[in-house]
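A closer look at the structure
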Amino acid sequence: MKVINRRDFLKTGLAAGAGLTLGMYIPPIVAGESKPTTGKTFEPNAFVHIGSDNIVTVISKHMEMGQGVYTGLATLVAEELDAAWAQIRVESAPADASRYNNLAWGTVQGTGGSTAIANAFTQMREAGASARAMLVQAAADLWKVKPETITVQEGVVSHAASKQQASFGKLAELAALQSVPEKITLKEPSKFRLIGSNNTPRKDSRAKTNGTAVYTQDVKLPNLLTAVVAHPPRFGGKVKRFNADKTKKMSGVVDVVEIPNGVAVLAKDFWSAKLGRDQLTVEWDDSKAFTLSSEDIMEQYHKTAEQPGLVAREEGEAAASMKQAAKTLKAAYEFPYLAHASMEPLNCVVNYTGKECEVWNGTQMQTADKYAVAKTLGLDPENVKVNTLFAGGSFGRRANPYSDYIVEAATIAKAIKGKTPVKLVWTREDDMQGGFYRPMYYHTLEAGLDEKGNLLAWQHRIVGQSILKGTAFEAFMVKNGIDHTSVEGAANLPYAIPNMQVELHTPDNIQVPVQWWRSVGSTHTAFSTETFLDEVAATMKKDPVELRRELLKDHPRHLGVLELAAEKADWGQALPTGRGRGIAVHESFNTYVAEVAEVTVKDGKFTVDRVVIAVDCGIAVNPDIIKAQMEGAMGFGLAATLSGKITLKDGKVEQANFHDYTVLRMDQMPKVEVYIVKSTEPPTGVGEPATPIIAPAVANALYAVTGQRFYQLPLSLKA
Amino acid sequence: MITLEINGISHHLDVDPNTPLLWVIRDSIGLTGTKYGCGQGLCGACTVHFNDQPIRSCVTPLSAVAGGTITTIEGLNSKEGQAVQAAWEKLEVAQCGYCQSGQIMTASGLLQNNATPDDETITAGMTGNICRCATYHRVHSAVKEAANTLAGKATVEETA
Ligand code: FES
Ligand code: FES
């Protein structure tokens, strides 16, 4: 049993609070109604602090980018602690993999892959339960009663028989003297009062409604300079020479430095830095740069797809049975590069002093970034402190396996020898053209039917760049040459088809930087598989829901969302001419989603009018946040369905801003209904799984109206 | 020297008059609630009120608003603004939140000009504001909610 005595507790408290001091103070990112806690605190574990002022601080090991994780983790703690929701505030954890690692990822701290609630579900509840037990023991000692006779409700500890009561704050100091319990019992799900309720309003709502929420872009430090970088126009390009004479004479400009990936202009404010960059003349060395166009890449992929690839899944004898099939169907699909285009363009603040470095960023991968910065600056990682701020969206981009823009900020700080703190700001154009896109892909699919019209064989071949090759993730996510993120959603297709083969080609001559983009592999595999299956159903003259129902017999959770979505969307009921419905179902990150899209086609154009979403994510921790994530993730996918496309011309990215990389706007947002399947399974993620299936649902709906099939994203109707 | 009133405080600014108002607000004045999203008038993240009308501060040079009155999210205290903020919190509109200052400034401007917008008017009025988290469904409902709140208040005042 671990006994924390008061002296130790104070020592730990102090050590944890002090950290790296660089002589300046930025208030920690606080979400919630209350002021930061003051006075003495009870710190039973790394996740819960209770102040004598009765404020409970939940330390979030995950970053908040809109997905609601601050509220989610706080709900789990508050549930088992029996705290009042109003007394909870949330603070971001320091980067420290020893305490704040993602349990789904092993030894790194990070947020992604819809893992936050799934990995922390038990951990956070235990943190709350453990704190509760110590508060109860403190009250028992104080009142000289048995702990079993004490109850806790809404942040009040009571002993009914003696009519004694105390707040958490009153007991905090005494509780700190208690031993941390070795064994704790968690609540039975039937006793949950916060989990699954809508009594847990988001902790970050107010700050995000009155302009006080602090993002990286908003960080202020004394003598802070803003850096804007002229990047090479082609990936792999380098600076040959540059002239900064004009720039250096401009007011506000303080310095111009060359860095490995371009030329950085440092100024007193953003606008001066940006104007300074406009006046630079840079000659680029493109000798090692990537100079192909999107069409060239696609042409290469077409050729590659003629050859067999590495086998990602094999069941039965797909090739042989395809030959015996009475009827076969073939299709090929093309997917463009996609930019994340979060509303907050990339940025990062660093303060490097020569011996230490402090970083402020809305990052999804705190500890990897910490090591990358340490390496760049030649520092011991111990001397790099990472502060995690809110991110203005990310969708995967702020989880860069190379810590690209963070390293860039550190490189600039190093180039000016840490004279001043630096805020690196990418303009929208830099963000759009800076790479790390969802890769381009090419898929071919073939299905074979037997005489009776049953699905006999399925062959799927995928061509596209690997996201993970060459990164730290390669070791555990690339097996036998197969990058899991290239085939997920296809290699685990749930349909009962006796002969199946899924193959992968990973070209390695394309230098365009690629990365995960909300729902990763499923962004393309869900489209090809779910539209192709629809085509198979039409060939069989079967209703798309009926065929899926037959093929999903052994997959009750897929089936559950399929049936729920179909029922709520009035599947099978007639619609007026020009309107139609389409359905798609898919599992990603262990969450099951079905969507029914309703479209109208008129004058060669279409609108998506209504989307019904059914989701099974196990126990629904925060139903309203789940709904919000379904609405938002579907909308994010719809943007790529309707218009998302990054293209290259001779190696240069052709899009620059929201006029040529158009994203979803309110007039394109359909009516959305979300239905959550009741479940007692452990909770799974909700940030991504609604994204990939809106495109196939819409494509299938358009087919229902027009008879046209779609083999490319974004979708376009034939004239 | 350019004089400008921001959130009720008068500022004398020794700034290049061509500087976009957004950067004056953020970097010279230090109010960071107004956001940079595109810098080209395409996304609405930088929306503030100039003499009570919503404008895109990223494409508005300082010279164009000289002598005028600017309201940013930090100073939004009109009855429409407060109704909008309350509705935003009630319906939990914000996800990442980055676009929401702009959404709220646009929505309150919309209600100042039209207290009883119908669904199409709300959509048309809000379509200039991009939200990559696609909170549109809730933004729309929250504008309606705010309009209802304001109408309710107006009725009470009339009867009183
Ligand atoms: S930042 Fe002004 S409209 Fe986008
Ligand atoms: S809430 Fe994230 S961009 Fe709107």
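Please read these numbers as outputs of a predicted model, since none were measured by experiment.

1. Some thoughts on the overall build of chain B
Across its full length, chain B carries five helices and five strands. Scanning chain B from its N terminus toward the C terminus, one meets helices and strands in the order β-β-α-β-β-β-α-α-α-α. Whereas a compact globule of 160 residues would reach a radius of gyration of roughly 15 Å, chain B reaches 16 Å, a difference of no more than 12%. In terms of its C-alpha atoms, chain B occupies a principal-axis envelope of roughly 50 × 40 × 20 Å. Of all 160 residues assigned to chain B, the portion counted as buried reaches 56%. With the model as given, the accessible surface of chain B reaches about 5900 Å², and the carbon-plus-sulfur share is 50%. Positive and negative charge centroids in chain B, built from 9 and 15 side chains respectively, lie 8 Å apart.

2. Observations concerning a negative patch on the surface
Judged by side-chain charge, E295, D296, D650 and E654 of chain A come together as a negatively charged surface patch. Relative to the helices and strands, D296 of chain A is located in helix α8 (residues 294-304).

3. A word on the domain arrangement of chain B
Note on interface size: it is often stated as the accessible area lost on association of the parts. Residues and elements named next belong to chain B. Considered domain by domain, chain B is made up of domain 1 (2-75) and domain 2 (79-159). Taken over C-alpha atoms, the centre of domain 1 sits 21 Å from the centre of domain 2. Each side of the interface is counted separately: domain 1 has 17 residues, and domain 2 has 14 residues. Together, the buried faces of domain 1 and domain 2 total about 1200 Å²; carbon and sulfur atoms form 53% of this surface. Here domain 1 is connected to domain 2 by zero salt bridges. At the junction of domain 1 and domain 2, the tally comes to seven residue pairs in polar contact (both at pLDDT 80 or more). Secondary structure elements with two or more residues in the side of domain 1 that touches domain 2: β3 (47-50) and β4 (53-56). Residue composition of the side of domain 1 that touches domain 2, grouped by class: seven nonpolar, seven polar and three charged.

4. Brief notes about the interface of chain A and chain B
Across the boundary between the two partners, chain A contributes 54 residues, which contact 46 residues of chain B. Linking chain A with chain B are five salt bridges. Between R138 of chain B and E631 of chain A there is a salt bridge, with the nearest N and O atoms lying 3.0 Å from each other. A per-element tally of the side of chain A that touches chain B places helix α18 (residues 623-642) of chain A first, with nine residues. Residue composition of the side of chain A that touches chain B, by class: 23 nonpolar, 16 polar and 15 charged.

5. Concerning unusual backbone geometry
Residues and elements named next belong to chain A. In this chain, L713 is followed by P714 through a cis amide linkage whose omega measures -5°. Position of P714 among the secondary structure elements: in the segment after α19 (694-706). For A341, which is not a glycine, the phi torsion comes out positive at approximately 45°. By the secondary structure assignment, A341 is in the loop between β15 (327-335) and β16 (347-352). We note that F395 has phi near 60°; this positive angle belongs to a residue other than glycine. Here F395 lies in the loop between β18 (384-388) and α11 (404-415). Under the relative-accessibility criterion, F395 is labelled buried at 9%.

6. Quick word on the domain arrangement of chain A
Residues and elements named next belong to chain A. Partitioning chain A into domains gives domain 1 (11-196 + 204-210), domain 2 (216-287 + 346-425) and domain 3 (294-337 + 437-706). Inter-centroid distance (C-alpha atoms) of domain 1 to domain 2 is 36 Å. Across the boundary between the two partners, domain 1 contributes 26 residues, which contact 29 residues of domain 2. Between domain 1 and domain 2, roughly 2100 Å² of surface is buried when both sides are summed, and carbon and sulfur atoms account for 65% of that area. Across the domain 1-domain 2 interface, the total number found is zero salt bridges. Our count for the domain 1 to domain 2 interface comes out at five residue pairs in polar contact (both at pLDDT 80 or more). For the side of domain 1 that touches domain 2, the residue count by class is 15 nonpolar, six polar and five charged.

The rules behind these values
- Residues numbered from 1 in each chain as written.
- Chains lettered and ligands numbered in written order.
- Predicted model: local features only at pLDDT ≥ 70, side-chain atom pairs only at ≥ 80, totals over all residues.
- Heavy atoms only, no water.
- Helix = DSSP H or I, 4+ residues; strand = E, 2+ residues; numbered from the N terminus.
- Rg over C-alpha atoms; globule rule 2.2 N^0.38 Å.
- Buried < 20%, exposed > 50% of the residue type's maximum accessible area, 1.4 Å probe, protein only.
- Areas by Shrake-Rupley, 256 points an atom, 1.4 Å probe, with all protein chains shown as cover.
- Lys, Arg positive; Asp, Glu negative; His and termini not counted.
- Charge placed at Lys NZ, Arg CZ, Asp CG, Glu CD.
- Patch = residues over 30% accessible without salt bridge, like charges linked within 9 Å, V, L, I, M, F, W, Y side chains within 5 Å.
- Salt bridge = Lys/Arg side-chain N within 4 Å of Asp/Glu carboxyl O.
- Domains from an automatic or database assignment.
- Contact = heavy atoms within 4.5 Å.
- Buried area = accessible area lost by both parts, 1.4 Å probe.
- Polar contact = N/O pair within 3.5 Å; in protein donor to acceptor, adjacent residues only side chain to side chain.
- Nonpolar A, V, L, I, M, F, W, Y, C, P; charged D, E, K, R; others polar.

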